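If you want the building blocks of each chain, they are given just below.
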Amino acid sequence: METRNLRALTGLVAVIGLLVGCAPAERKVTSVPAATAAPAGITPTPVPEKPKFGGILKWGASRLPARFDILTDATATGRIPMLPMYDQLVEEDRSDPAKLAPHLLEGWQISDDGRLLTLRVRKGVKFHDGALMTAQYVKFFLDVSTKLPEKGAPAYAYGLLSPQLRRTEAPDEYTVKVFFDYPRPSFLPSLAGGQAAVISKAAYERPDGLGGQPVGTGPFKYKLVKSGVSLDLVRNPDYFIKDLPYLDGISVYAIPDAGTMRAAFAVGQVDILPLTPGVPRQALPSLKQQRPGIGTVVGGPSVGSISFNWPHLAGTPFKDVRVRKAVALAVDRENLSKLLLGEWFAPQAALFPDGSKWLPSEEDLKQLPGYYVRRDKEEDRREARRLLAEAGFKDGFQTTLMTQTIQAHADASVVLKAQLKEVGIDVEIKRLEAAAFHNVRVGGDWALAFGTLAYIVDDPDSVLYSGYVKGGGQNWAMYDNPRAGQLIDKQSRILDPLQRKKALQDVIQTILAEDVPVITVGTWMKLFAWREYVKGWGAPQRSYYSGYSFRDVWLAR
């Protein structure tokens, strides 16, 4: 797509709206019928469609990476367009996302005491520069990624690995031994979160590092980037899975405006449309009416939260934990869901996303300020006003809430502003573009920030080490409590899931009831729409970053 076409899309939004009223009715897409008719009363077995080779998949993204460093890019919107160029050691099992399957590994073995993990590296895998992937590359990737936090890098994906791995060895060309000080049940799942991408040592050691031309082992190779406009990837002819990928390439277009993105999808200029959080769910019916046959899929979750700027609390009312608890009590998650997000948003997430096996019980939720669903929310508001008065803010106070320009985030901030107003807290909303928002949140002087924490895998360490330990890549509040860190370490070492969940209650109680560095408001599920001719794609539900290799995708046209 040329630049002028992207710009022209803005004017299409109004036109698309006019087309809705005269669009054809929605039709179903059925599988290809059997070649011969079945006897009456017997349902024929559908003949599966045969994948076709060729074609370019057109994918709309809110932005492109600022630089192509898969290890340190600290925003989900920047990381995801890089994923087709890389492979993981371990993946979610495609038949059951709750299970793990080897990918760049042939398998693994865990010692009886849980302190030694032996990885068997797959043979015959090549990097895009022609280098053969061996155990030394896997060892290099593990060593580098776990040291990133020590070097001050954001370590968005790998902060949770650092406290786990003690050392690695590569005793032969296709074996890696990973040693731990304690059993670490979350280590293998953390490699399946869609971000544990094995990197090229040669590319990493270039002067521009991974920020130049990316080099991975994935089904697609880097071809060309037009700054701020598009990224072109081309098929990897040496991919280790025979005959894959089917596509000739992928073109990723940066379309930050949600209306322009919908228009691009409606007229066929992009094949896949991310519906959340950039496009409101109310847009889906009209999109289906305009373009019958589109499919939708629910992808990996993220947890929305209000963060308090922990290092700067001393100069704000939020230095008093009673004020932070008052904010937690004022937030009405059920109301937020009804007004804005419906089935795409599950309220009452307490650190972990809706559906996680690690969520607190209803009884435990009663111990957390504001998380228990009450028939009369006014009871929570009265308690919030009492706490504010007790802290010296009987008449309330003014503050700011920083958020992104992403539509769902901006809309949620408006609702949260109204909810806080009911207890006397007057909020000014400041909206920033994604990159600016991240930069200010990491190092700036702000009071409140509303954003999301991507859920990498369904394991507590995925959230806790990344979001609530000093130096964690998603520790937006810059929260630092040594006692909380000790409790997080303690639960991480417990192999029995039931005992581990019990230990998690101390962690959750410390963070959400005693310290309150954040207030989680609920779970967003990523939702996508794609054109009827896009086959073989569906985003797994367990990880925010899985499902973007596109190696099995083909175009039926």
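The structure presented is a predicted model; accordingly, all values stated were derived computationally and were not measured.

1. Here we look at the overall build of the protein chain
Scanning the protein chain from terminus to terminus reveals 17 helices and 19 strands. Evaluated residue by residue, the protein chain yields a buried proportion of 57% over its 557 residues. Residue pairs at least 24 apart in sequence account for 70% of intrachain contacts in the protein chain once pairs closer than 6 positions are excluded. When the accessible surface of the protein chain is totalled, it reaches about 23,300 Å², and 52% of it is carbon and sulfur.

2. Things to note about the nonpolar core
One finds Leu-57, Leu-89, Leu-142, Val-178, Ile-250 and Phe-550 to be the most contacted residues of the largest nonpolar core, which totals 67 residues. With 7 residues, helix α4 (residues 135–147) is the single largest residue contributor to this core. Residues in contact with Val-178, not counting those within four places in the same chain, are Arg-115, Leu-116, Leu-117, Leu-119, Leu-142, Leu-165, Arg-167, Thr-168 and Phe-187. Membership of the second largest hydrophobic core comes to 62 residues, among which are Phe-345, Tyr-371, Leu-401 and Ala-477.

3. Quick look at the side chain of Thr-520
In this structure, Thr-520 sits in strand β17 (residues 518–530). Beyond its immediate chain neighbours, meaning those up to four positions away, Thr-520 contacts Val-303, Gly-304, Ser-305, Arg-333, Ala-349, Ala-350, Leu-351, Tyr-371 and Tyr-468.

4. Looking at the sheet that holds strand β5 (residues 116–121)
Taking strand neighbours across the sheet as the criterion, the 4 strands line up as β4-β5-β7-β6 in an open arrangement whose pairing is antiparallel. At either end of the open sheet lies a strand with only one pairing partner, and these are β4 (105–110) and β6 (165–172). Here the strands of the sheet are splayed against their neighbours by 20 degrees on average, with no regard to which way each runs. Of the strand pairs in this sheet, β6 and strand β7 (residues 175–180) are connected by 5 bridges, and their pairing is antiparallel. From the neighbouring strand, Leu-165 faces β7, where its bridge partner is Phe-180.

5. Quick look at the packing of aromatic side chains
Scanning the entire structure with this criterion turns up 14 aromatic pairs. A centroid spacing of 5.2 Å and a plane angle of 70 degrees characterise the contact between Phe-53 and Tyr-246, whose relative ring orientation is edge-to-face. Of the two residues, Phe-53 sits in the loop between α2 (12–19) and β1 (56–61) while Tyr-246 sits in the loop between β9 (230–235) and β10 (249–254), which places them 193 residues apart along the sequence. Here Tyr-246 falls in the buried class, since its relative accessible area comes to 17%. Judged by centre distance (5.5 Å) and plane angle (75 degrees), the rings of Phe-318 and Phe-397 are edge-to-face. Of the two residues, Phe-318 is situated in the loop between β12 (295–308) and α9 (321–330) and Phe-397 in strand β14 (residues 397–404); the sequence distance between them amounts to 79 residues. A connected cluster of aromatic rings, assembled from ring pairs, spans Trp-59, Trp-530, Trp-537, Tyr-548 and Phe-550. The ring of Tyr-182 is capped by Arg-493, whose NZ or CZ atom sits 3.6 Å from the centre of that ring. Against the face of Tyr-533 rests Arg-557, its NZ or CZ located 4.2 Å from the ring centre.

6. Description of the packing of helix α15 (residues 460–467) against helix α17 (residues 497–515)
Look at α15 against α17: their axes get within 12 Å of each other, and the N-to-C directions meet at 30 degrees. One finds that α15 runs roughly parallel with respect to α17. The two elements α15 and α17 meet at a crossing, and its hand is left-handed. Facing Pro-460, Asp-461 and Leu-464 of α15, the residues of α17 in contact are Arg-500, Leu-504, Val-507 and Ile-511.

7. Quick look at the pairing of β10
A large share of β10 lies buried, amounting to 6 of its 6 residues. By the alternation rule, side chains of β10 split into Gly-249, Ser-251 and Tyr-253 and Ile-250, Val-252 and Ala-254, which are all buried. Pairing of β1 with β10, which is carried by 6 bridges, proceeds in the parallel orientation. Residue pairing across strands places Ile-56 opposite Gly-249, the latter belonging to β10. Judged from the 5 bridges that link them, β9 and β10 form a sheet pairing that is antiparallel. When the bridges of β10 are listed, Asp-232 appears paired with Ser-251.

8. Focus on the environment of Ala-192
By secondary structure assignment, the location of Ala-192 is in the loop between α5 (187–190) and α6 (201–204). On the basis of relative accessible area, Ala-192 is assigned to the buried category, the value being 1%. Linking Ala-192 and Ala-101, residues 91 residues apart in sequence, is a C-alpha distance of 8.6 Å. When neighbours within four sequence positions are excluded, Ala-192 is seen to be in contact with Gln-88, Val-90, Glu-91, Glu-92, Leu-100, Val-457 and Ser-546.

9. Comments concerning the confidence of the model for the protein chain
The predicted model of the protein chain averages 80 in pLDDT, with 79% of residues at 70 or higher. The low-confidence segment residues 1–45 (pLDDT under 50) makes 52 contacts with residues lying over four places distant or belonging to another chain. In this model, residues 151–160 is a region of pLDDT below 50 whose contacts with residues beyond four sequence positions or in other chains number 43 contacts.

10. Considerations on the pairing of strand β8 (residues 220–226)
Here 6 bridges tie β8 to β9, and the two strands are oriented antiparallel to one another. What sits directly across from Phe-220, in β9, is Arg-235. In this antiparallel pair of consecutive strands, β8 and β9, the connection spans 3 residues, and Gly-228 shows a positive phi of 75 degrees.

11. Comments concerning the environment of Leu-165
Mapped onto the elements, Leu-165 comes out in strand β6. The exposure class of Leu-165 is buried, given its relative accessible area of 12%. Sequence-wise, Leu-165 and Asp-181 are 16 residues apart; in three dimensions their C-alpha atoms are separated by 7.6 Å. What Leu-165 contacts, discounting residues up to four positions off in sequence, is Leu-142, Thr-146, Val-178, Phe-179, Phe-180 and Phe-187.

12. Comments concerning α15
Burial within α15 is extensive, with 8 of its 8 residues counted as buried. Within the sequence span of α15, burial applies to Pro-460, Asp-461, Ser-462, Val-463, Leu-464, Tyr-465, Ser-466 and Gly-467. Packed against the buried residues of α15 are β16 (448–454), α16 (482–492) and α17. Sitting at the amino-terminal end of α15 is Asp-459, which places a side-chain oxygen 3.0 Å from the backbone nitrogen of Asp-461.

What counts, and at which threshold
Residues numbered from 1 in each chain as written. Predicted model: local features only at pLDDT ≥ 70, side-chain atom pairs only at ≥ 80, totals over all residues. Heavy atoms only, no water. Helix = DSSP H or I, 4+ residues; strand = E, 2+ residues; numbered from the N terminus. Buried < 20%, exposed > 50% of the residue type's maximum accessible area, 1.4 Å probe, protein only. Contact = heavy atoms within 4.5 Å. Areas by Shrake-Rupley, 256 points an atom, 1.4 Å probe, with all protein chains shown as cover. Core = buried A, V, L, I, M, F, W, Y, C linked by side-chain atoms within 4.5 Å. Pairing = 2+ DSSP bridges. Axes fitted to C-alpha atoms, helices over the stretch in contact; angles between N-to-C directions. Phe/Tyr/Trp six-rings, centres within 6.5 Å; stacked < 30°, edge-to-face > 60°. Lys NZ or Arg CZ within 6 Å of the ring centre and 35° of its normal. Parallel < 35°, antiparallel > 145°, perpendicular 65-115°, else oblique. Left-handed = near helix turned anticlockwise from the far one by under 90°. pLDDT = per-residue confidence, 0-100. Polar contact = N/O pair within 3.5 Å; in protein donor to acceptor, adjacent residues only side chain to side chain.

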